[in-house]
Amino acid sequence: MSNCTLPNRSEVWLQSLGWQPTAEQEKQFERLFQQIVQANQQLNLTRITDPSDFWEKHLWDSLVGIAPWLPTESSVQRQDGFSVDSSQSLKVIDIGTGGGFPGLPIAIVKPTWQITLLDSTQKKLTFLQQVTAKLGLENVGICCDRAENLGQQSSYRESFDLAVIRAVGSASVCAEYALPLLALQGYAVLYRGQWTTGEQEGLVAAISKLGGELVAVSPVTMPHSQGIRHCIYLRKIEATNPKFPRRVGVPARKPL
Ligand code: SAM
């Protein structure tokens, strides 16, 4: 186990998201951090193992994407005007979860949500299985497959209320993975770094073929490093054409 512990940033959570974790959730974050640092000695899960960086780039960054679903202080207004009913229990998929981000922090703060962690690499998923057992997270399921395959399986297609996807591909590739998996009126959150008008035009063209619409683009400044991120919110408004997602590898090779 690492002797380093995560910094206490209760005030930063409150100021930046208008929300803060409970004492038990803070303990779960710490357990998650310790497990990841330990497993990282054998598995290449993440480059981010410094406690302060882990807090910001894995915990805070994972949760800023679902900020619209966190119960916030009424004094904190979202700049993008995007709002949802934060009290509902959602069925969520984290596509290309890797070391469990953003899915695991979401599972910790949203115990009533059912979270499926999807990745094509079994090694990482075996670790995630152990971590969820150690943390007692009963709301997490693990799935080893490619998003292109899952999106064509009737038991998964059009079945999720929310899809989250970080660092898996270009925005239109992420949209082709996520939209077929969403139920009508479901949302996808694309976690992006810099965001350009060219990317936005490409994404809007792609989602018009996939039954989606762009709901909001939220620029966020990271509270510690001041890095810039963008959370892109999509909504599914029509059934996705059965030809999407295309065969394994095609979305990345020939983005829409
Ligand atoms: N989302 C995590 C994060 O932000 O820390 C991990 C990002 S990692 C760079 C990309 C992950 O996506 C890898 O674990 C890879 O195996 C997975 N992946 C890439 N393409 C995929 C696909 N088509 N279906 C399922 N998983 C995929």
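A brief look at the structure comes next. (Residues numbered from 1 in each chain as written. Predicted model: local features only at pLDDT ≥ 70, side-chain atom pairs only at ≥ 80, totals over all residues. Heavy atoms only, no water.)

Some details on the nonpolar core
If you look at the biggest cluster of nonpolar residues, it comprises 52 residues, and the most contacted ones within it are Ile66, Trp69 and Leu162. Setting aside residues up to four positions removed in sequence, Trp69 forms contacts with Phe82, Val84, Asp85, Ser86, Leu90, Lys110, Trp113, Leu162, Tyr187, Val189 and Tyr233. (Core = buried A, V, L, I, M, F, W, Y, C linked by side-chain atoms within 4.5 Å. Buried < 20%, exposed > 50% of the residue type's maximum accessible area, 1.4 Å probe, protein only. Contact = heavy atoms within 4.5 Å.)

Some words on the sheet that holds strand 6 (residues 212–221)
The strand order across the open sheet built from seven strands is 3-2-1-4-5-7-6, with neighbouring strands paired in mixed fashion. With one partner strand each, in any of the chains shown, strand 3 (140–144) and strand 6 form the two edges of the open sheet. On average, adjacent strands in this sheet sit at an angle of 20 degrees to one another, irrespective of strand direction. Where strand 5 (residues 182–192) and strand 7 (residues 228–236) come together, six bridges link them in antiparallel fashion. Paired with Leu190 across the strands is Ile232, a residue of strand 7. Helix 5 (residues 122–134) rests against strand 2 (114–119) and strand 3 of the sheet, and its axis sits at about 165 degrees to strand 3. Against the sheet, helix 8 (residues 197–210) engages strand 5, strand 6 and strand 7, with an angle of about 150 degrees to strand 6. (Pairing = 2+ DSSP bridges. Helix = DSSP H or I, 4+ residues; strand = E, 2+ residues; numbered from the N terminus. Axes fitted to C-alpha atoms, helices over the stretch in contact; angles between N-to-C directions.)

Digging into the site of the ligand
Taken together, 16 residues surround the ligand, and among them Gly96, Phe101, Asp119, Ala147 and Arg166 come closest. A distance of 2.6 Å separates an oxygen atom of the ligand from a polar atom in the side chain of Asp119. In this structure, a nitrogen atom belonging to the ligand sits 3.4 Å away from a side-chain N or O atom of Tyr177. Taking 600 Å² as the accessible area of the ligand by itself, protein coverage stands at 79%. Counted by class, the shell around the ligand contains five nonpolar, five polar and six charged residues. (Near = heavy atom within 4 Å. Polar contact = N/O pair within 3.5 Å; in protein donor to acceptor, adjacent residues only side chain to side chain. Areas by Shrake-Rupley, 256 points an atom, 1.4 Å probe, with all protein chains shown as cover. Nonpolar A, V, L, I, M, F, W, Y, C, P; charged D, E, K, R; others polar.)

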